[in-house]
Amino acid sequence: MAIKSLHKRESDLANSNRQLEILSNGIFKNGELPTFKDKISETDQFPLKAKKLEILQINVGYMCNQVCEHCHVDAGPDRKEIMTRETMQQCLDVIKNTGAHTLDLTGGAPEMNPDFRWFVEEAAKVGIKDFIVRSNLTIIRANKKYYDLPEFFKKHNVHVVSSMPHWTRGKTDKQRGDGVFDKSIKALQELNAVGYGMPGSSLKLDLVYNPSGAFLPGDQMAMEKDFKKALLEDFGIQFHNLFAITNLPISRFLDYLIASENYEDYMYSLVEAYNPAAVENVMCTNTLSVSWDGYLFDCDFNQMLELPVNSKAKHISEYNQDLLEGRNIVISQHCYGCTAGAGSSCQGSVA
Amino acid sequence: MSKTYYDPADLRKFGKITEWSEELGNKFFEYYGKVFEEGALSAREKSLIALAVAHTEQCPYCIDAYTKDGLQRGVTKEEMMEAIHVGAAIKSGATLVHGVQMMNKVNKLDG
């Protein structure tokens, strides 16, 4: 049976306050493990402060054609939250007036927003250095109206970043749903066919790996080597870089951790792998996350936990660099996910 | 005191063995860490060897540790099971090869 979003299931965990309660109680309340605040205080890194804005990450809607087991967005076909053209225009106004060099579109499946193409066309005109679309790949094969996406991406020199949990069918489909592996392979071949991911090509195609269960990602370089070898040998597929991303204990992944009785062990693993060097470069220090309705967050995870930025400017329409730069980042225990081992961000390892 | 001989949570306390013998404990962990570094064998290959040995040694802590380590390295369950069969084959082979000693003895005593 296909899984449904926590919202559709009316799960207790669809409530972000409930998630935050869980992350603050138990092993963190009784002192068994240090809170994230205490941990970063040990190395005088509290409070975490925002530096200059480099990446504007825009979540254009929670609707998705897939219902992945561990989705931190709780995305799915039943989610109706979609960014309007008006909010997109407000984002464009900000992009024009800031030094942000990277625009990062995410979702849900961003391509499902009816104004997605308009937004890409308008944003491309502004002249962003790195213009990322986080594509789940299967959307390219989901409906005829999406078949030309590889050509569309190419036309606007979009940097495609796609999720691929494993180079084998079994592990991929377990996490992302039956048939996802075959469709993803086909989509990658189509992207390769228009030049994406080929050696020396300026059409950038990167893959995102996140673990399929309650364990941390291995070394990014070693994983990339294994992925490249297997995808080339088995399917003739090429790509540029692999980003290894740690699953954060929120939303559907938190639900999974609790249901499978892995929550405490997982939190122990994150805390044991804590790396102060990763704290230096966590993505919240140079990124701003914009929700489908235009509100501002330190990262996509805080967006899902409904933890707004600690600033007077709370909406993209009120964007003010002076107010936002140097703000204190809002933290909780989920932040351990970004500071474990080599660190984790939407661009992969950070340390 | 735990009422069972093995408690999964004890694995997390492994590092504490240094508290009662700091020098030897530290030397052990330094050696241990070095062994598993990338070398003539990849860290991934070493992880699979460790998993097989964990089974032949029947160490529940090591089995937990190297199953998780394998998953983190992208090792598939098919690879893990094959590695364990290697360990099992050596264990059973080691039993059976002693059959030659039995045969030698029979031949000597009753040949």
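The rules behind each value
Residues numbered from 1 in each chain as written. Chains lettered and ligands numbered in written order. Predicted model: local features only at pLDDT ≥ 70, side-chain atom pairs only at ≥ 80, totals over all residues. Helix = DSSP H or I, 4+ residues; strand = E, 2+ residues; numbered from the N terminus. Rg over C-alpha atoms; globule rule 2.2 N^0.38 Å. Buried ≥ 20, exposed ≤ 12 C-beta atoms within 10 Å, placed from the backbone. Contact = placed C-beta atoms within 7 Å. Nonpolar A, V, L, I, M, F, W, Y, C, P; charged D, E, K, R; others polar. Core = buried A, V, L, I, M, F, W, Y, C linked by C-beta atoms within 7 Å. Axes fitted to C-alpha atoms, helices over the stretch in contact; angles between N-to-C directions. Parallel < 35°, antiparallel > 145°, perpendicular 65-115°, else oblique. Left-handed = near helix turned anticlockwise from the far one by under 90°. Pairing = 2+ DSSP bridges. Right-handed = clockwise from strand over helix to strand, strands pointing away.

Here we look at the overall build of chain B
Part 1: The helix and strand tally for chain B stands at five helices and zero strands.
Part 2: Starting at the N terminus and ending at the C terminus, chain B contains elements arranged as α-α-α-α-α.
Part 3: For 111 residues, the compact-globule formula gives about 13 Å, and the C-alpha radius of gyration of chain B, at 19 Å, lies well above that figure.
Part 4: Residues classed as buried in chain B amount to 14% of the 111 residues present.
Part 5: Here the contacts in chain B between residues at least 6 apart in sequence split such that 54% fall between residues at least 24 apart.

Digging into the interface of chain A and chain B
By a frequent convention, interface size equals the accessible area lost on bringing the separate parts together.
Part 1: Counting from both sides, the interface comprises 12 residues of chain A and, opposite them, nine residues of chain B.
Part 2: Among the elements that line the side of chain A that touches chain B, the one with the most residues is helix H9 (residues 220–235) of chain A, at three residues.
Part 3: Split into classes, the residues belonging to the side of chain A that touches chain B amount to six nonpolar, four polar and two charged.

As for the nonpolar core
General note: in soluble globular proteins, nonpolar side chains tend to be found buried as a group.
All names here are of chain A.
Part 1: Counting residues in hydrophobic clusters, the biggest one holds 108 residues, and the most contacted among them are Leu56, Val160, Tyr209, Phe227, Leu242, Ile250 and Val290.
Part 2: Examining the composition of this core, we find that six residues originate from one element, helix H8 (residues 180–193), more than from any other.
Part 3: Setting aside residues no more than four positions away along its own chain, Tyr209 makes contact with Met164, Pro165, Pro217, Met223, Phe227, Leu242, Ala244 and Ile245.

Quick look at the packing of helix H2 (residues 43–56) of chain B against helix H4 (residues 77–97) of chain B
Residue and element names in this part refer to chain B.
Part 1: Look at H2 against H4: their axes get within 8 Å of each other, and the N-to-C directions meet at 50°. In terms of axis orientation, H2 runs oblique to H4. For the element pair H2 and H4, the recorded crossing hand is right-handed. Contacts between H2 and H4 involve Leu48, Leu51, Ala52, Val53, His55 and Thr56 from the former and Glu79, Met80, Ala83, Ile84, Val86, Gly87, Ile90 and Lys91 from the latter.
Part 2: Considered class by class, the residues forming the contact of H2 with H4 number nine nonpolar, three polar and two charged.

A word on the pairing of strand E5 (residues 205–209) of chain A
The side chains of a regular strand alternate, first on one face of the sheet and then on the other.
Residue and element names in this part refer to chain A.
Part 1: Taken across its five residues, E5 has four buried, putting it largely inside the fold.
Part 2: In the sheet, strand E4 (residues 159–163) pairs with E5 via four bridges, with the strands oriented parallel. Within the sheet, the bridge partner assigned to Val160 lies in E5 and is Leu205.
Part 3: Summarising the sheet, E5 and strand E6 (residues 242–244) pair through three bridges and their orientation is parallel. Among the inter-strand pairings, Val208 is bridged to a residue of E6, identified as Phe243.
Part 4: Handedness of the E5-H9-E6 crossover: right-handed.

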